[in-house]
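Structural description and commentary
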Amino acid sequence: MNVYESALECAHVIKAKFSGTIDFAVVLGSGLSNFEREIDIICSFDYADLPHFPLSTVLGHKGKLIIGKVKGKIVICQSGRFHYYEGYSVNQVTFPIRVFKLLGIEKLIATNAAGGLNPNQEVGDIVILKDHINMQPEHPLRGKNDDRFGPRFPDMMHAYYPDFYNKALSYARSKNYRCELGVYVGVQGPTFETPAEYQAFHRMGGDAVGMSTVPEVIVANHMSMKVLGISIIADCGYPLEKLKVISHQEVLEKSAEAEPKVTDIVTYVIENF
Ligand code: HPA
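Residues numbered from 1 in each chain as written. Predicted model: local features only at pLDDT ≥ 70, side-chain atom pairs only at ≥ 80, totals over all residues. Heavy atoms only, no water.

**Notes on the overall build of the protein chain**
Broken down by element type, the protein chain carries six helices and nine strands. Over its C-alpha trace the protein chain gives a radius of gyration of 17 Å, about what one expects of a compact globule, namely 19 Å for 273 residues. With the principal axes as the frame, the protein chain shows a C-alpha extent of 55 × 40 × 35 Å. Taken across its 273 residues, the protein chain has 55% of its residues classed as buried. In the structure as shown, the protein chain presents an accessible area of about 11,800 Å², 50% of it carried by carbon and sulfur atoms. Separation of charge centres in the protein chain, based on 27 positive and 31 negative side chains, amounts to 4 Å. (Helix = DSSP H or I, 4+ residues; strand = E, 2+ residues; numbered from the N terminus. Rg over C-alpha atoms; globule rule 2.2 N^0.38 Å. Buried < 20%, exposed > 50% of the residue type's maximum accessible area, 1.4 Å probe, protein only. Areas by Shrake-Rupley, 256 points an atom, 1.4 Å probe, with all protein chains shown as cover. Lys, Arg positive; Asp, Glu negative; His and termini not counted. Charge placed at Lys NZ, Arg CZ, Asp CG, Glu CD.)

Pasting the structure below:
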């Protein structure tokens with residue numbers, strides 16, 4: 001069975017429980033699962049109950065799709081994402097995004113915790129993504145193209161939807177959050193960067209570096225979805241003087257601290273688009 005048919009089967013199982021229009025899909029990053037509390041839950045699905053859905057393994061991630069209401073809109077929330085470094089194939093990492101599109105969803109919000117590459121940043125800052133640089137070793141669209149999803153050679157001029165990131169930035173500024181637009185560098189992990197790597201990614205034009213998001217955003221663009229991406233800076237990687245030894249635990253703690261701001265911005269965008 002190919003990805004399209006598997007995703008369709010999965011979408012049918014979801015539709016059997018909820019057949020209404022879903023406005024937004026939201027993929028939550030490490031330490032950022034509290035957004036779930038904003039959802040007036042209609043129904044939810046354990047990954048184990050969804051055909052062809054991979055199962056979640058990493059610390060700090062659960063494995064649930066939740067459908068519910070946020071500010072009068074219907075959202076589906078993926079709590080527990082799949083990372084390439086865990087050993088999943090790129091098709092598995094991006095499978096939920098395929099399912100979202102086959103549910104008729106056109107708007108995607110993805111959050112993550114990331115390392116900071118911009119010297120002006122502090123831990124807890126928010127970077128609203130305006131672009132990315134893909135440094136992961138495998139491209140999610142490699143292989144035979146399925147035209148039912150989208151074209152062979154998708155345009156990536158507006159990988160992140162300008163209206164989303166501009167309005168999200170204005171809102172964040174109006175709330176006095178430390179927040180900038182920036183470029184996300186997507187790496188494989190699971191090592192954090194060496195000092196030389198942080199420096200190299202800074203020079204390449206990156207503002208945040210992390211181990212997720214890019215495959216999902218590529219696949220969303222393949223299917224002409226509009227994307228908002230938000231990173232929380234959990235540690236500073238540049239310049240050298242700001243660099244400290246970090247752990248996954250610390251990343252989870254720092255992103256959890258900054259989470260209410262991200263939840264606020266995400267909720268604002270859901271309400272206003
Ligand atoms: N590098 C890569 N991924 C990350 C980092 C980092 O410094 N912090 C949180 N996720």
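**Quick word on the packing of aromatic side chains**
Overall, the coordinates contain 10 aromatic pairs when judged by the stated rule. Where Tyr-161 meets Phe-164, the ring centres are 4.9 Å apart and the plane angle is 80 degrees; that geometry is what we call edge-to-face. Within the aromatic cluster, the residues linked to one another by ring pairs are Tyr-47, Phe-53, Phe-82, Tyr-88 and Phe-95. Taking NZ or CZ as reference, Lys-17 lies 4.8 Å from the ring centre of Phe-45, over its face. The cationic tip of Arg-98 hangs over the ring face of Phe-149; the distance from NZ or CZ to the ring centre is 4.0 Å. (Phe/Tyr/Trp six-rings, centres within 6.5 Å; stacked < 30°, edge-to-face > 60°. Lys NZ or Arg CZ within 6 Å of the ring centre and 35° of its normal.)

**Some remarks on the state of the cysteines**
All told, the structure shown has zero disulfides when counted by the stated rule. Free of any disulfide, Cys-43 has its nearest neighbouring cysteine sulfur in Cys-77, separated by 13 Å. A relative accessible area of 9% means that Cys-43 is categorised as buried. The thiol of Cys-236 is not disulfide-bonded; the next cysteine sulfur, from Cys-179, is found 15 Å away. Judged by its relative accessible area of 11%, Cys-236 falls in the buried class. (Disulfide = S-S within 2.5 Å.)

**Focus on the environment of Ala-168**
Along the chain, the position of Ala-168 falls in helix 3 (residues 162-174). Classification of Ala-168 as buried rests on a relative accessible area of 0%. The sequence separation of Ala-168 and Leu-181 amounts to 13 residues, and the corresponding C-alpha distance is 9.5 Å.

**Some words on the packing of helix 2 (residues 90-102) against helix 5 (residues 214-222)**
Where helix 2 meets helix 5, the axes come as close as 9 Å, and the angle between the chain directions of the two elements is 40 degrees. Helix 2 and helix 5 meet at a crossing whose hand is right-handed. Here Val-93, Thr-94, Ile-97 and Arg-98 of helix 2 lie close against helix 5, whose contacting residues are Pro-215, Glu-216, Val-219, Ala-220 and His-222. Partitioned by chemical class, the residues of the contact of helix 2 with helix 5 number five nonpolar, two polar and two charged. (Axes fitted to C-alpha atoms, helices over the stretch in contact; angles between N-to-C directions. Left-handed = near helix turned anticlockwise from the far one by under 90°. Contact = heavy atoms within 4.5 Å. Nonpolar A, V, L, I, M, F, W, Y, C, P; charged D, E, K, R; others polar.)

**Some words on the site of the ligand**
As a matter of local geometry, the ligand sits amid Ala-113, Ala-114, Gly-115, Phe-192, Glu-193, Tyr-198, Val-209, Gly-210, Met-211, Asp-235 and Val-251. Asp-235 places a side-chain nitrogen or oxygen 2.7 Å from a nitrogen atom of the ligand. Mapped onto the shell around the ligand, the elements with two or more residues apiece are strand 5 (107-116) and strand 8 (208-210). A total of three residues in the shell around the ligand trace back to one element, the largest contributor, which is strand 5. (Near = heavy atom within 4 Å. Polar contact = N/O pair within 3.5 Å; in protein donor to acceptor, adjacent residues only side chain to side chain.)

**Looking at the pattern of salt bridges**
According to the stated counting rule, one finds 10 salt bridges in the structure shown. Among the ionic pairs, Arg-148 bridges to Asp-146, the shortest N-O distance being 3.0 Å. We classify Arg-148 as partly exposed; its relative accessible area is 47%. On the basis of relative accessible area, Asp-146 is assigned to the buried category, the value being 18%. The salt bridge involving Glu-180 is made with Arg-173; its shortest N-O contact spans 3.2 Å. Residue classification places Arg-173 among the partly exposed residues on the basis of a relative accessible area of 42%. The network of salt bridges with common partners includes Glu-122, Asp-125 and Arg-178. (Salt bridge = Lys/Arg side-chain N within 4 Å of Asp/Glu carboxyl O.)

**Quick notes on helix 3**
Look at helix 3: 18 Å from first C-alpha to last across 13 residues, which is about the 18 Å you get at 1.5 Å a residue. Within the span of helix 3, buried status applies to Phe-164, Tyr-165, Ala-168, Leu-169, Tyr-171 and Ala-172. Looking down the long axis of helix 3, one finds its buried residues gathered within 165 degrees of arc, a one-sided arrangement. Elements that come into contact with the buried residues of helix 3 comprise strand 1 (24-28), strand 5, strand 6 (126-134), strand 7 (179-186), strand 9 (226-236) and helix 6 (248-272). (Expected span 1.5 Å × (residues − 1). Arc of directions from axis to C-beta.)

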